[in-house]
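Now for the letters of each chain:
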Amino acid sequence: MKRETWASRSTFILAAIGSAVGLGNAWRFPGLAAKHGGGAFLLVYLIAMLAVGVPLLMLEIAVGRRIRQGTPGAMRAMNRKAEAVGWIAVSNAVIIEIYYAVVFAWVILMFVVSHKFAGLTGNSEAASKLWLGLIQTTGTTEGFGTFCWPVFGCFIVAWISAFWCIRNGAQSVGKVVKYTVSLPVICLLILAIRGFTMPAAGAGLAKLFIPDWSALSNSALWVDAIGQIFYSLSVAMAIMVAYGSFLDRKSNIAVDSLIIAFSDLAISVLAGIVMFTTMAGVGMLDSISASGISTAFIIYPQAIVNLTNVPWINAAFAYIFYFCLITLAIDSLFSIVEGASTAISDKFHLNKRRTTLSLCIISAVLGLVFCTAAGLALLDIVDNFVNSYTLLLTGVLEAIVAGWCFKTSKILDEINHNADRFRMPAWWFNISIKYVAPIALFGIFVWNIITLFAGGGIYGAADGYSLASNLICGWALMGLSLISGGIVKLIARARVNKGGYKEDLRSWDEIPETEEGELK
Ligand code: PHE
């Protein structure tokens, strides 16, 4: 069976950047920088990127390319018992894709109604309520009965466009990423030019870049910086292994990973510049926050209506801003579906396109709960659990499998295969994968759990939502991810017993290195 491959090196790089650069760059990064002393946060973020982010990214891409399978297969090839870790990553992907599509739908909806910003000129109060009214949320976990049709309409558009982009796997992804990566950069540049011309731009830039060194002693800064780089590079979500598995062996993982990570950083900083100059310009510098998804939908509209006194200019700005968010979000959404679909079709030897279509349909059906008036609250719970606990745990497990249950030297050989000017040094990779990444990520995991317990969250009170919804959308979903490997194993055994196919259970050394995308 011939495996699909990227059309070119740049296609792969763009696809990976497209996945990494998402809504997280646009408001989580600037929000965190605002919270943690500007330049001081940037510095720690850079350190975290080099110490944890880059090595994990290289690891995922390299095992994908070598094993030519999705995450579970790649994990199993390193250690026979590790397949379950891969399925946790796939579950993360499926859970995230279900709600990310709804966030994407909200962005589309805001884009569609951007003309309304003209009528709201100067009216911050009304602007802050625009989105809450549109999605008809109760803000609580009550309100299942109310279905929000406009959100549903955009939700369908979101899923159809995501499926369209990945209908032919790496081939069709390659065609769209040229646009989905360049367009947001162009939009951000336009917005940055506008930001620079605002009177208080200097104050905004100072807040973003001038470090407040005293913030370095705050452990929350380190926790947030490592968490953000981890989330931003799309690792532990089954994406980068799948994308790596479409690479041919001539590719240069050591350099490509650095390009991907630094581009992601550059776009985060660009988004930071836009956010800080614009917010300073409208006198809202202190309102920038990293508190969840609402920033783009509540705080930013307030800035937009105060940009100028000319209604149509504000509306035009809103169109560009939400269009930018659309282009940022779409390639993250389809990358995560592609990651899960690759893993499933590899495991069960299913037709890739049909698997992708089924996954889109199932995810869309499950995502309908988020289109109700209770959707925002439920999404908040799921998002919080996945990001604060399961993703981190997956990262820890992946690093342990690679660092302690397998030989890092073999992975390093794969990373440096074909490397020319820059080779990933062994000390860097080993220290990071064996010690820094697992310890740092586990530390943050424990920190988050302690924060949860300290806030009484075990009873469902910490986030202000009901215990039942915390149990179902949080704990139960997390439990399901953790046991997903066992469930898959049962299904696979039943299918194999039925004589459907023979599983490929070869280990790393048994899989021959092939120069092309050919599986031998
Ligand atoms: N890296 C993405 C971001 O910064 C995170 C993500 C990737 C979310 C893929 C969903 C799907 O927004």
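Being a predicted model, the structure only gives us computed values, none of them experimental.

Conventions and cut-offs
- Residues numbered from 1 in each chain as written.
- Predicted model: local features only at pLDDT ≥ 70, side-chain atom pairs only at ≥ 80, totals over all residues.
- Heavy atoms only, no water.
- Axes fitted to C-alpha atoms, helices over the stretch in contact; angles between N-to-C directions.
- Helix = DSSP H or I, 4+ residues; strand = E, 2+ residues; numbered from the N terminus.
- Parallel < 35°, antiparallel > 145°, perpendicular 65-115°, else oblique.
- Left-handed = near helix turned anticlockwise from the far one by under 90°.
- Contact = heavy atoms within 4.5 Å.
- Nonpolar A, V, L, I, M, F, W, Y, C, P; charged D, E, K, R; others polar.
- Polar contact = N/O pair within 3.5 Å; in protein donor to acceptor, adjacent residues only side chain to side chain.
- Phe/Tyr/Trp six-rings, centres within 6.5 Å; stacked < 30°, edge-to-face > 60°.
- Lys NZ or Arg CZ within 6 Å of the ring centre and 35° of its normal.
- Salt bridge = Lys/Arg side-chain N within 4 Å of Asp/Glu carboxyl O.
- Buried < 20%, exposed > 50% of the residue type's maximum accessible area, 1.4 Å probe, protein only.
- Expected span 1.5 Å × (residues − 1).
- Bend = angle between axes of the 7 residues up to and from the residue.
- Disulfide = S-S within 2.5 Å.
- Core = buried A, V, L, I, M, F, W, Y, C linked by side-chain atoms within 4.5 Å.
- Near = heavy atom within 4 Å.
- Areas by Shrake-Rupley, 256 points an atom, 1.4 Å probe, with all protein chains shown as cover.

Chemist: Help me understand the packing of helix H17 (residues 375-404) against helix H19 (residues 426-454) in this model?
Modeler: Relative orientation and spacing of two packed helices are given, respectively, by the angle between their axes and the distance between those axes. Between H17 and H19, whose axes approach to 9 Å, the crossing angle comes to 155 degrees. Considered as vectors, H17 and H19 are oriented roughly antiparallel to each other. Classified by chirality, the crossing of H19 by H17 is left-handed. Of the residues in H19, those in contact with Ser388, Tyr389, Leu392, Leu393, Gly395, Val396, Ala399, Ile400, Ala402, Gly403 and Trp404 of H17 are Ile433, Lys434, Tyr435, Ala437, Pro438, Leu441, Phe442, Ile444, Phe445, Asn448, Ile449 and Leu452. Split into classes, the residues belonging to the contact of H17 with H19 amount to 18 nonpolar, four polar and one charged.

Chemist: What is the right way to read the environment of Trp87 from this model?
Modeler: The topology assignment puts Trp87 in helix H5 (residues 83-112). Sequence spacing of Trp87 and Val21 is 66 residues, and the spatial spacing of their C-alpha atoms is 24 Å. When sequence neighbours within four positions are dropped, the list of residues in contact with Trp87 reads Pro72, Ala343, Ile344, Lys347, Ser484, Gly485 and Val488. At a separation of 2.9 Å, a polar atom in the side chain of Trp87 contacts the side chain of Glu83.

Chemist: Looking at this structure, I do not really get the packing of aromatic side chains. What am I missing?
Modeler: By convention here, two paired aromatic rings are described through the distance between centres and the angle between planes. Summed over the entire model, instances satisfying the criterion amount to 26 aromatic pairs. Through pairs of rings, three or more aromatic residues link up here, namely Phe385, Tyr389, Phe442, Phe445 and Trp475. Over the ring of Tyr231 we find Arg28; its NZ or CZ atom is 5.1 Å from the centre of that ring. Its end group placed over the ring of Trp404, Lys434 keeps NZ or CZ at 5.1 Å from the ring centre.

Chemist: Just to check I follow, could you spell out the pattern of salt bridges for this structure?
Modeler: Where side chains of opposite charge bring their charged atoms close, a pairing between them can arise. Under the definition given, this model contains 13 salt bridges. Between Lys352 and Glu338 there is a salt bridge, with the nearest N and O atoms lying 2.6 Å from each other. Remark: Glu338 occurs in helix H15 (residues 311-348) and Lys352 occurs in helix H16 (residues 352-367); sequence separation between them is 14 residues. Here Glu338 falls in the buried class, since its relative accessible area comes to 0%. Three or more residues are tied together by salt bridges with common partners; here these are Arg65, Arg66, Arg249 and Glu414.

Chemist: It is not clear to me how the environment of Gly24 should be interpreted in this structure. Could you clarify?
Modeler: With respect to the secondary-structure elements, Gly24 resides in helix H2 (residues 23-35). Residues within four places of Gly24 in sequence aside, it is in contact with Phe29, Gln228 and Tyr231.

Chemist: Looking at this structure, how should I read helix H3 (residues 39-67)?
Modeler: An α-helical turn contains 3.6 residues, so any two residues separated by three or four positions project in the same direction. In this model, H3 (29 residues) spans 40 Å end to end at C-alpha, consistent with the 42 Å of a helix rising 1.5 Å per residue. Along H3, the helix axis deviates most sharply at Met49, where the bend reaches about 45 degrees. Of all 29 residues making up H3, 24 are buried, and the element is well covered by its neighbours. Once H3 ends, the next one or two residues include Arg68, with phi positive near 55 degrees.

Chemist: What am I meant to see in the state of the cysteines here?
Modeler: A covalent bond between the sulfur atoms of two cysteines is what we call a disulfide. Taken as a whole and assessed by the stated rule, the structure comprises zero disulfides. Among the cysteines around Cys154, which has no disulfide bond, Cys148 carries the closest sulfur, lying 8.8 Å off. Given a relative accessible area of 8%, Cys154 falls into the buried group. Here Cys324 stays unpaired: no disulfide links it, and the sulfur of Cys187, its closest cysteine neighbor, is 4.9 Å away.

Chemist: Looking at this structure, I do not really get the nonpolar core. What am I missing?
Modeler: For soluble globular proteins, the rule of thumb is that nonpolar side chains tend to be buried together. Residues Trp106, Leu325, Phe334, Ile411 and Ile415 are the most contacted members of the largest nonpolar core, which totals 195 residues. Broken down by element, the residue count for this core peaks at 20 residues, all from H5.

Chemist: I keep staring at the site of the ligand and nothing clicks. Help me out?
Modeler: Near the ligand there are 14 residues, and of these Ala20, Leu23, Gly24, Ser232 and Ser234 occur at the shortest range. Between the ligand and the protein, one listed contact pairs a nitrogen atom with a backbone N or O atom of Ser232 at 2.9 Å. Between Ser234 and the ligand, the recorded distance is 3.2 Å, taken from a side-chain N or O atom to a nitrogen atom. Within the complex, 100% of the 320 Å² of free accessible area of the ligand lies under protein. Broken down by secondary-structure element, the contributors of at least two residues to the shell around the ligand are helix H1 (9-20), H2, H5, helix H11 (219-232) and H15. The greatest single-element share of the shell around the ligand, amounting to three residues, is contributed by H2.

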